[in-house]
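Spelled out from the first residue to the last, the chains are:
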Amino acid sequence: MPIIKSAKKAARQAEKRTAHNQQIKKDIKTALKAFKASPTAETMAKIQSEYDKAVKKGLLKKNTASRRKAALAKFAKANAK
């Protein structure tokens, strides 16, 4: 347990940030599952939006999100036929 006041505050902030980041990751996983179940334009837009939000919040790097979105586009194209 932290003893110093600033360390206590840092621990509280870390706990809140961890919870927020986990929620964003959960949203990504949920959208990804929905997309893989039915790869439509609507679900594609939703998962891309979730990846963009994660990049904006600093949870994912830009190229990581770009790579994942490209893989999803490839998946959608393969399943469109």
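Keep in mind that what you see is a predicted model, and the values were worked out from it rather than measured.

Engineer: Would you explain the overall build of the protein chain in this entry?
Structural biologist: When its secondary structure is counted, the protein chain shows three helices and zero strands. The helix and strand sequence of the protein chain, counted from the amino end, reads α-α-α. Relative to the compact-globule value of 12 Å for 81 residues, the protein chain shows a C-alpha radius of gyration of 17 Å, a clear excess of over 25%. Overall, the C-alpha framework of the protein chain stretches about 60 × 20 × 15 Å when taken along its three principal axes. Scored against the burial criterion, the 81 residues of the protein chain give a buried share of 20%. Residue pairs in contact within the protein chain that sit at least 24 positions apart in sequence constitute 40% of those at least 6 positions apart. Only carbon and sulfur atoms are counted for the fraction: they give 56% of the accessible area of the protein chain, which is about 6500 Å². Across the protein chain, the mean location of the 23 positive side-chain charges is 7 Å away from that of the 5 negative side-chain charges.

Engineer: Help me understand the packing of aromatic side chains in this model?
Structural biologist: Two numbers describe a pair of aromatic rings. These are the distance of the centres and the angle of the planes. Inspection of every chain in the model, using the stated rule, returns one aromatic pair. Consider the rings of Phe 35 and Phe 75, whose centres lie 5.8 Å apart with planes at 55 degrees: the pair is tilted. Residue Phe 35 is found in helix H1 (residues 5-37), and its partner Phe 75 is found in helix H3 (residues 62-80); the two are separated by 40 residues along the sequence. The class for Phe 75 is partly exposed, based on a relative accessible area of 29%. Sitting over the face of the ring of Phe 75, Lys 36 holds its NZ or CZ atom 5.8 Å from the ring centroid.

Engineer: Explanation requested: the nonpolar core in the structure shown.
Structural biologist: Soluble globular proteins tend to bury their nonpolar side chains together. Residues Ile 24, Ile 28, Ala 31, Phe 35, Met 44, Ile 47, Tyr 51, Ala 54, Leu 60, Ala 65, Leu 72 and Ala 76 constitute the largest nonpolar core, which totals twelve residues. Looking at this core, the elements with two or more residues in it are H1, helix H2 (41-57) and H3. Once you skip the residues sitting within four places of it in the chain, Ala 54 turns out to touch Ile 24, Ile 28, Leu 59 and Leu 60.

Engineer: Whenever I open this one, a positive patch on the surface confuses me. Can you help?
Structural biologist: Side chains of Lys 5, Lys 8, Lys 9, Arg 12 and Lys 16 sit close together on the surface and give a patch of like positive charge. Counting through the fold element by element, Lys 8 comes out in helix H1. According to the relative accessible area criterion, Lys 8 is partly exposed, its value standing at 42%.

What counts and what doesn't
Residues numbered from 1 in each chain as written. Predicted model: local features only at pLDDT ≥ 70, side-chain atom pairs only at ≥ 80, totals over all residues. Heavy atoms only, no water. Helix = DSSP H or I, 4+ residues; strand = E, 2+ residues; numbered from the N terminus. Rg over C-alpha atoms; globule rule 2.2 N^0.38 Å. Buried < 20%, exposed > 50% of the residue type's maximum accessible area, 1.4 Å probe, protein only. Contact = heavy atoms within 4.5 Å. Areas by Shrake-Rupley, 256 points an atom, 1.4 Å probe, with all protein chains shown as cover. Lys, Arg positive; Asp, Glu negative; His and termini not counted. Charge placed at Lys NZ, Arg CZ, Asp CG, Glu CD. Phe/Tyr/Trp six-rings, centres within 6.5 Å; stacked < 30°, edge-to-face > 60°. Lys NZ or Arg CZ within 6 Å of the ring centre and 35° of its normal. Core = buried A, V, L, I, M, F, W, Y, C linked by side-chain atoms within 4.5 Å. Patch = residues over 30% accessible without salt bridge, like charges linked within 9 Å, V, L, I, M, F, W, Y side chains within 5 Å. Salt bridge = Lys/Arg side-chain N within 4 Å of Asp/Glu carboxyl O.

All we've got here are geometric facts, nothing functional implied.
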